[in-house]
Amino acid sequence: MKFAYRFSNLLGTVYRRGNLHFTPDGNCVISPVGNRVTVFDLKNNKSETLPLATRHNITCVGLCPDGSLAILVDEEGAALLVSLIGKSVIHQFHFQKPVHCVCFSPDGRKFVITKDNVALMYHAPGKKREFNAFVLDKTYYGPYDETTCIDWTDDSKCFAVGSKDMSTWVFGAERWVNLIYYSLGGHKDAIVACFFEENSLDLYTISQDGALCVWQCDTDLDGLKLRPPKDRAEDKNESVKDLGEEFIEQPKGEEIHGKATTNEQERREKVKYSRAAKYFFNKEGDFNNLTSAAYHKKTHLLVTGFASGIFHLHELPEFNLIHSLSISDQRIATISINCTGDWIAFGCSGLGQLLVWEWQSESYVLKQQGHFNSMVSLAYSPDGQYLVTGGDDGKVKVWNTSSSFCFVTFTEHTSSISAVTFTSTGYVILSASLDGTVRAFDLHRYRNFRTFTSPRPAQFSCLAVDSSGEIISAGSQDSFDIFVWSMQSGRLLDVLSGHEGPISSLCFNPMKSILASASWDKTVRLWDMFDSWRTKETLTLNSDVLVVAFRPDGNELAVAALDGQITFWDHENAVQMGSIEGRHDLQMGRKELDKITAKQAAKSKSFTTLCYSADGQSILAGGLSKFVCIYHVKEQILMKKFEISCNLSLDAMEEYLDRRKMTEFGSMALIDDGAGDEDGVAIALPGVKKGDMSSRHFKPEIRVTCLRFSPTGRSWAATTTEGLLIYSLDSGLIFDPFELDIDITPSSVRKVLSQKEYTMAIVMAFRLNEKKLIQEVIETVPCNEVDIVCSSLPELYVEKVLEFLASAFETSHHLEFYLTWAQRLLMLHGQKLKTRSGKLLPMIQFLQKSIQRHFEDVSKLCEWNRHNIKYALAISQQRGMKRPAETSVSEEELEDSNSDYLMEEATTHS
């Protein structure tokens, strides 16, 4: 139970690549984030990452019309059929080649995928109970180059496919007599999007050079005639000889184009398209590539995104510009409109931005961006409610753990952040940077109120703050000194010299005024703050020291060194208590261009981040690997190993290289095959078929840069190449009884409860340890009995009830009832609990976090109501009175006091 941590959320990354989707109700955005999918609930201001992952980065997402199923396709063409209700994988399938687009029909019966120059139509899963969820229905050939986009008619009778060969093809989903296929030209660049008009075969096509063609069809959807069924032999001859149909195994493009010159009678019977108008987005001399588009059929609203980060809103078919706005300095990769047409979602893959724009009020519904470069460090606030992260992009971001959104970004640093931390109050964030400053940020006013610098410029590599929040220390990489400042005055108090190598880590003892500093000179020094910063002890190790961490009770020091060992020290007596050889547990992967095997490379690897659990019994360790290890400190054994990613789009993921990628000239990874394919290169190099060979293309390496346990002990976080991963205890799926007896069953608990033996019922429920049953028992206890039950509760179960109350606060609406329970338990058993404060601290902090969140919500509501009542009373007093031009100060004061008095009267009467 203690180590049953599961992946619960991904923060710090909101969009990577692929297409965005709104759910059918229009309240949620589904965004692909690397090899995972995040659902952003815009109505309730929450985000959740689904607990499933593909093997490579997701490139396209298809959502069925009822919003229950989604198809996720990765870079290699592997697809997952996912239930968005159960949040689980239903089926796996491989399309063998990269897929450009997936689109469900509006009736939900079929879906079309496009790969290379082919469109494949499948029966949609979920309509029938069948073993194979991906049943191929028809294969459509026609375009010469890669296909780019799909759109269906409203009644699912036809669909259109756009291509890079500048043509758009309209195909019949059924065997229509008068529409098998139709090819439309008229463009001078690759087709970006094509859209059918509402309940019509009329079509809009948009190309990359910013041209829009409006196509009118001479036939309504009701005018499509279904072909009568024929016997198979006749049908086969017909398809080969006469029609050149799209269901043939080999692509017969020439036959399709050849059928354009049929006799007059046949041409008269077929559907005809004519170009009604052609419009241009780009002004004269402005070469701005159009990269994405979306169309809302009911409101006739067309949204187009460009490579410069500008988007346009047009009303069709008149092509009236509603407004134009620049939302980013990077290309807009994808656009989606919700069902009502009010909200527009934009994804910018260059900076990892996700924006939801309400175009009528011209305001942001959501504006989120992760760290541009990799995250380096993180820290939990003392109550576990907030997380702060620092990145290589020089930004400090603060995240809310309950909503998973970033609510403030500080951009004052001019270089990479090396360390971040909270002070003990939880309202001040400190960050150290390679720009030579340590900055303090205020979470009340969201400002940088202190900047600490050294006398001579120095790059700070680590940071520590003491338990009072008054003393700040930072270690330097270049001068080998430790700088100590006062938070109160902002002055430099001391410079601690003595280390003979760069300072790699600093940590204050939580209980005493002792600072531990680790250095590459193979020593850990302990400095006494009260004894003029003299070196109290020097601990010598066999290798360069990378990180130090104190146990929460301050009695033990953990040290990780370059030789892969974690050693535990009694720092008071300078005695080593034990060690863990963890190099083999890291299990390094082999990079694509490595000359040596992963086994040999692992000999030089080590842990780069350590963190004690909230109770101090276990320690988390991570490094340049996809694994995070959790060790039992006392037993010095590996308890569990977490694989943080299975994304093969990252480097160093596999232990052995794929021999199929090795040639006589070296690894295939050295050959950069069209890296900048989607960026729309204006002038291509001679002989280059696609993409920009001069663009820099690299695979990021998987690594864990920082690990931190939540003060509540119920979750831990890791900053990785993927983003900020949160792992938490999933108590809902685990049966973990306590002192279970054969007589204790849910029915026997309810029987005791019906006899009004509340204390006995609570004890029995906790022995069975089922959350729903415990909740039922506690909520059955009458309010006037709470005091008696709390006083008669055995001491062993007080802690368990408090822990249950802390978790119940997060979901339950019975706020006063549970607060009464918490107050009575703490009042009656407070003294006894105080003796075990070290052990119970995580649970108390969990309870504090839950109560604090409710306090903030309720206080905001009360403040709002108070001002409203005050305003209403002031208005009622002034009714029928002529207001003078200027009121004296005394009159204003009198009016305020009267309104306060009236408000107090109103509250007493209510």
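Higher on the page you've got the structure.
Draft legend 1. Looking closely at the overall build of the chain. Helix and strand counts for the chain come out as 13 helices and 58 strands. For the chain, the residues scored as buried account for 52% of the 910 residues in total. Counting only contacts in the chain whose residues sit at least 6 apart along the sequence, the fraction spanning at least 24 positions is 50%. For the chain, the exposed area adds up to about 43800 Å²; of that, 50% sits on carbon and sulfur atoms.

Draft legend 2. A look at the pairing of strand β43 (residues 514-519). Counting buried positions along β43 yields six of six residues, so the element is predominantly enclosed. Because side chains alternate across β43, one face comprises the buried residues I514, A516 and A518, and the other comprises L515, S517 and S519, equally buried. Direction of pairing for strand β42 (residues 503-508) relative to β43: antiparallel, over a ladder of five bridges. Within β43, the position partnered with L506 by the bridge is S517. The hairpin formed by β42 and β43 contains five residues between the paired strands. As paired elements, β43 and strand β44 (residues 523-528) share five bridges and run antiparallel to each other. By the bridge assignment, L515 is partnered in β44 with W527. What sits between the antiparallel neighbours β43 and β44 is a turn of three residues, in which K522 has the positive phi angle 70°.

Draft legend 3. Examining the sheet that holds strand β24 (residues 310-315) more closely. Pairing is antiparallel in the open sheet, where four strands are placed in the order β22-β23-β24-β25. Edge strands, defined here as strands with exactly one partner in the open sheet, are β22 (290-296) and β25 (320-326). Within this sheet the neighbouring strands show an average axis-to-axis angle of 15°, counted without direction. One ladder, built from six bridges, connects β24 with β25; its direction is antiparallel. When the bridges of β25 are listed, L313 appears paired with H323.

Draft legend 4. Seen up close, the packing of helix α8 (residues 771-780) against helix α11 (residues 815-834). Taken N-terminus to C-terminus, the directions of α8 and α11 make an angle of 85°; their axes are 11 Å apart at the nearest point. Classified by the angle their axes make, α8 and α11 are roughly perpendicular. Every residue of α11 that contacts α8 at Q775, I778 and E779 is listed here: F817, Y818 and W821. Looking at side-chain class alone, the contact of α8 with α11 contains four nonpolar, one polar and one charged residues.

Draft legend 5. Geometry of the pattern of salt bridges. Tallying each qualifying case throughout the model produces 21 salt bridges. Residues R17 and E75 are paired through a salt bridge, measuring 2.9 Å at the closest nitrogen-oxygen approach. Highlighted residues: R17 in the loop between β1 (5-11) and β2 (21-22) and E75 in the loop between β7 (69-74) and β8 (78-83), separated in sequence by 58 residues. The partly exposed category is assigned to R17, whose relative accessible area is 29%. Of the residues examined, E75 reaches a relative accessible area of 23% and is grouped as partly exposed. A salt bridge links R714 to E803; the shortest N-O distance between them is 3.7 Å. Within this pair, whereas R714 is found in the loop between β56 (704-709) and β57 (715-720), its partner E803 is found in helix α10 (residues 795-809), the two being separated by 89 residues in sequence. Looking at R714, the relative accessible area reads 18%, which means it is buried. The class of E803 is partly exposed, set by a relative accessible area of 33%. Shared partners join several salt bridges into a network, and the residues in it are K110, D137, K138 and E174.

Draft legend 6. Structural view of the state of the cysteines. Counted according to the given criterion, the structure contains zero disulfides. Among the cysteines around C217, which has no disulfide bond, C158 carries the closest sulfur, lying 8.5 Å off. Given the relative accessible area of 15%, C217 is considered buried.

Draft legend 7. Local environment of the nonpolar core. Counting 40 residues, the largest nonpolar core has I762, I778, V801, L805, W821 and L825 as its most contacted members. If you list the elements that add at least two residues to this core, you get α6 (746-754), α7 (758-768), α8, α9 (786-792), α10, α11 and α12 (837-878). Broken down by element, this core gets its largest block of residues, nine residues, from α10. Ignoring any residue separated from it by four or fewer positions in sequence, one finds L805 in contact with Y818, W821, A822, L825 and L847. Among the nonpolar cores identified, the runner-up in size contains 24 residues, and F7, C611, F642 and W716 belong to it.

Draft legend 8. How the structure looks around α11. Taken as a whole, α11 carries its principal kink of about 55° at L828. All of the buried residues in α11 are F817, Y818, W821, A822, L825, H829 and L833.

Draft legend 9. Layout of the sheet that holds strand β31 (residues 386-391). Taking strand neighbours across the sheet as the criterion, the four strands line up as β30-β31-β32-β33 in an open arrangement whose pairing is antiparallel. Each edge of the sheet is formed by a strand with only one pairing partner; in this case those strands are β30 (375-380) and β33 (406-410). When the angles between neighbouring strand axes are averaged without regard to direction, this sheet yields 20°. Pairing geometry for β30 and β31, over five bridges, is antiparallel. Counterpart to A379 in the pairing with β31 is V388.

Draft legend 10. Quick look at the packing of α6 against α7. Contact geometry for α6 and α7: axes closest at 8 Å, N-to-C directions at 165°. Considering the angle they form, α6 stands roughly antiparallel to α7. Relative to α7, α6 is oriented so that their crossing is left-handed. Contacts from P746, S748, V749, V752 and L753 in α6 reach Y758, M760, A761, M764, A765 and L768 in α7. Its residues placed into classes, the contact of α6 with α7 shows ten nonpolar, one polar and no charged.

Definitions and cut-offs
Every chain is numbered on its own, with residues counted from 1 as its sequence reads. Reporting in this predicted model follows two pLDDT cut-offs: at least 70 for local features of residues, and 80 or more for side-chain atom pairs to be given and counted; totals over whole chains, interfaces and linings ignore these cut-offs and use all residues. The basis for the side-chain values is all heavy atoms of the structure; hydrogens and waters are excluded. Where helices and strands are cited, they refer to DSSP runs of H or I of at least four residues and of E of at least two residues respectively, numbered from the N terminus. Note on classification: 1.4 Å probe, protein chains only; a residue is buried when its accessible area is under 20% of the maximum for its type, exposed when over 50%, partly exposed between these limits. Only heavy atoms matter for contacts: two residues are in contact if any of them lie within 4.5 Å across the pair. Accessibility throughout is a Shrake-Rupley quantity obtained with a 1.4 Å probe, and a residue counts as covered only by protein chains that appear here. Strand pairing is defined by DSSP finding a minimum of two bridges between the two strands. Axis geometry follows a simple rule: fit a line to the C-alpha atoms, using only the stretch in contact for helices, then measure angles between N-to-C directions, giving values from 0 to 180 degrees. Should an angle lie under 35 degrees it is considered roughly parallel, over 145 roughly antiparallel, and from 65 to 115 roughly perpendicular; all remaining angles are considered oblique. Think of it as three bins: nonpolar holds Ala, Val, Leu, Ile, Met, Phe, Trp, Tyr, Cys and Pro, charged holds Asp, Glu, Lys and Arg, and polar takes everything else, Gly as well. Each reported salt bridge corresponds to a side-chain nitrogen of Lys or Arg within 4 Å of a carboxyl oxygen of Asp or Glu. Any two cysteine sulfur atoms lying within 2.5 Å of each other are counted as a disulfide. Only buried residues count toward a nonpolar core, which is a set of Ala, Val, Leu, Ile, Met, Phe, Trp, Tyr and Cys residues joined through side-chain atoms within 4.5 Å. We define the bend at each residue as the angle formed by axes fitted to the 7 residues ending at it and the 7 residues starting at it. Left-handed describes a crossing in which the near helix is turned anticlockwise from the far one by less than a right angle; the clockwise case is right-handed.

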